[in-house]
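In case you want the letters, here they are:
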Amino acid sequence: MATTAIVPHSPRMGSTAFPLNRLPIEIIHMVFEQLTRGYQQRDIACLRLVCKRFADIGNYHLLSEVHLFFKSSQFEQLRQISEHPTISKKVNTLFYEADTMEGYGSMQVWKENICVPGWYKNLSPGDLHPPPPTASEREQRAYKRDLKKTMHGPKFTHSDRLLTRAYDIFQGYLADQESIRAQDYNVKMLKDAMIKMPNLKTIEMSTECCLNSGRSTRMEQAFKDGLSAPYGDRSTAEGCGVGQLRSLLLAADVAGLELETLSAGNLDWRFFMDPSKQNLEALSADNMDNVDWSLFMDSSKQNPEVLRKMQRAVRSLRTLKLYISTSSEYDYDMYFDDLSHVMVPECAKYLHETSHLKDFITASPDLERLDINFDCDDPYPPASLCDSVGTFKWHALRVAAFAYISADEDCLVQFFARHASTLRKIRLDTILLTTGSWAPLIQRARKVLKLEKAVLSGKLRSNDPEESYYFDLPAGLNGGKRAKIEVAVEEYLVKGGAAPLLDLNALAEEHYRAYVYPDEDAWEYVDTESDEAIMDRF
């Protein structure tokens, strides 16, 4: 019996049964395509149940993105997807939430850090801001309620029996993580899967919610039986995300993928560390199964061939986004009071003395978008523009974004000039000019660039102690108004006109007096926009 759909006609004619299996194949593909664009995977799965014809067509749209966690069962699921003759050919994105769990040493400490699924809802670390002065009483109460939650943690009423069981499961997750590391971050399984997914074009690796707005609900559910959720990866000797990204790129290289997009963060700067020189045999698809991968995965034992393999894996990229961390610990509030765990001096010295960061970035000659983001500039930025990109020219670069780096005026202007014919969008966030001044720099940039969009944020300063400007001052305290200095300079870079840079301090002062508190010092404190808000504008 044919599957039918009821198609309404006029009231006099009633309804007509129309056989769905008589629809043209093109129309059915269009229906599935619309569901794919809306990320309605459940609806796609249900629609496949209509008939065999719908099931076969639905296979091409069912799974375009694979979501991977640092868990053996998830790697097994990846293997199963790769072995499906149809679905494996349609996967184009691998999103790897590479967060790991940290051992607490005892059950008592574990109890103090229990994570109840759903407790934080969609609240990410950057979403909790003090309400503006114009906030209603209801908004102020909601802020106090959320603040109390984050300060005191979740309340739970689990029985001792359930807690004992959950702790055993948590310990099992820790053992599973060590097993994955012992198997070189499952690089061989990744290689086997990628070989069978020839259309994989995008790899995104995220830790600490870097590439998503908050803790992943799916990841939270995957680990909920242990009453803990992975966050970060800073307890490893190599650094956050280093082993995970290395395994992805080595596998992609051997699989012969032509990646178009790579996004990674938070990624420890030691990913670019110079490995010691050992004469290990070169990797190839033929000897892949016989290689001792531990020699490649331990940063103290790596061969320079590893860096070359990873550079070759990114040779066809169109988009590269790197969010590089210089911290060896989690970024709690104490981060700004105690910088002993921040490795900015070590990072800056190493990247200046070697070319490994620059070699990795410039290994992608066809880039259309480049984002280089560090996380701290105290006591000074961890990298310079010259150490990051040198004098390289990308022939198709349209978007460039830099955060927490240093540059001299001429170097930055020369970067703009080299890409003037293609560059249309720029973002500068917390930049230190080691030579020169911001006023002439932005005027020179305006002369050589034809921008569609410019975003300036954070603190732009120079070696002149009198030249330091907060371009997103202050967020959450100004009734939603953007700073006049920010609007004026961005409009000048895009549209031209009279240079707004003759008195930047006056612009900042005018904004502060107009929208915040007229009796306070404009530079008394800073509350900048969240990264999500800045990127939404970009």
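The structure under discussion appears in the preceding block.
Residues numbered from 1 in each chain as written. Predicted model: local features only at pLDDT ≥ 70, side-chain atom pairs only at ≥ 80, totals over all residues. Heavy atoms only, no water.

A. View of the overall build of the chain. Across its full length, the chain holds 21 helices and 13 strands. Counting only contacts in the chain whose residues sit at least 6 apart along the sequence, the fraction spanning at least 24 positions is 77%. When the accessible area of the chain is evaluated, it comes to approximately 26,100 Å², of which 50% is carbon and sulfur surface. (Helix = DSSP H or I, 4+ residues; strand = E, 2+ residues; numbered from the N terminus. Contact = heavy atoms within 4.5 Å. Areas by Shrake-Rupley, 256 points an atom, 1.4 Å probe, with all protein chains shown as cover.)

B. Highlighting the packing of aromatic side chains. A complete count under the given rule lists 14 aromatic pairs for this structure. With a centroid separation of 5.1 Å and 90 degrees between ring planes, the pair formed by phenylalanine 271 and phenylalanine 272 is classed as edge-to-face. Residue classification places phenylalanine 271 among the buried positions, given a relative accessible area of 1%. On the basis of relative accessible area, phenylalanine 272 is assigned to the buried category, the value being 3%. Cation over ring: lysine 71 sits above phenylalanine 223, and NZ or CZ is 5.0 Å from the ring centre. (Phe/Tyr/Trp six-rings, centres within 6.5 Å; stacked < 30°, edge-to-face > 60°. Buried < 20%, exposed > 50% of the residue type's maximum accessible area, 1.4 Å probe, protein only. Lys NZ or Arg CZ within 6 Å of the ring centre and 35° of its normal.)

C. Main features of helix α4 (residues 72–82). Taken as a whole, α4 has its buried residues at Gln74, Phe75, Leu78, Ile81 and Ser82. With its buried residues spanning 115 degrees around the axis, α4 presents them on a single face. Buried residues in α4 make contact with β3 (65–69), α5 (87–90), β4 (93–97), α8 (160–182) and α9 (187–195). (Arc of directions from axis to C-beta.)

D. Structural detail: α8. With 23 residues, α8 should reach 33 Å at 1.5 Å per residue; the first-to-last C-alpha distance of 33 Å fits that figure. When we look at burial in α8, the residues that qualify are Leu163, Ala166, Tyr167, Phe170, Tyr173, Leu174, Asp176, Gln177, Ile180 and Arg181. At the C-terminal side of α8, aspartate 184 shows a positive phi close to 60 degrees. (Expected span 1.5 Å × (residues − 1).)

E. How the structure looks around the packing of α9 against helix α11 (residues 242–255). Look at α9 against α11: their axes get within 8 Å of each other, and the N-to-C directions meet at 40 degrees. In this view, α9 runs oblique relative to α11, as classed from their interaxial angle. In this structure, α9 meets α11 at a crossing whose hand is right-handed. Mapping the contact onto sequence places Val187, Leu190, Lys191, Met194 and Ile195 in α9 and Ser247, Leu248, Leu250, Ala251, Ala252, Val254 and Ala255 in α11. By residue class, the composition of the contact of α9 with α11 is 10 nonpolar, one polar and one charged. (Axes fitted to C-alpha atoms, helices over the stretch in contact; angles between N-to-C directions. Parallel < 35°, antiparallel > 145°, perpendicular 65-115°, else oblique. Left-handed = near helix turned anticlockwise from the far one by under 90°. Nonpolar A, V, L, I, M, F, W, Y, C, P; charged D, E, K, R; others polar.)

F. Spotlight on the pairing of strand β5 (residues 202–206). Judged by how many residues are buried, β5 sits mostly within the fold: four of five residues are covered. Relative to β5, β4 is paired through five bridges, and the arrangement is parallel. Looking across to β5, one finds that phenylalanine 95 is bridged to glutamate 204. (Pairing = 2+ DSSP bridges.)

G. Structural view of the nonpolar core. Within the largest apolar cluster, 92 residues are counted, with the highest numbers of intra-cluster contacts made by Met194, Phe360, Leu370, Phe402 and Phe415. Here the element with the most residues in this core is α11; it accounts for eight residues. When neighbours within four sequence positions are excluded, methionine 194 is seen to be in contact with Leu94, Leu200, Ile203, Leu248, Ala251, Ala252, Ala255 and Leu257. Counting 14 residues, the second-largest nonpolar core is a separate cluster that includes Phe69, Met101, Tyr167 and Phe170. (Core = buried A, V, L, I, M, F, W, Y, C linked by side-chain atoms within 4.5 Å.)

H. Representation of the pairing of strand β8 (residues 369–373). Buried residues dominate β8, accounting for five of its five residues. Along β8, one buried face is formed by Arg369, Asp371 and Asn373 and the opposite face, lined by Leu370 and Ile372, is buried too. By the bridge criterion, five bridges tie strand β7 (residues 319–325) to β8 in an arrangement that is parallel. Its bridge partner lying in β8, tyrosine 323 is registered against asparagine 373. The sheet contact formed by β8 and strand β9 (residues 399–407) spans five bridges and is parallel. Residue pairing in the sheet places aspartate 371 in a bridge with alanine 401 of β9.

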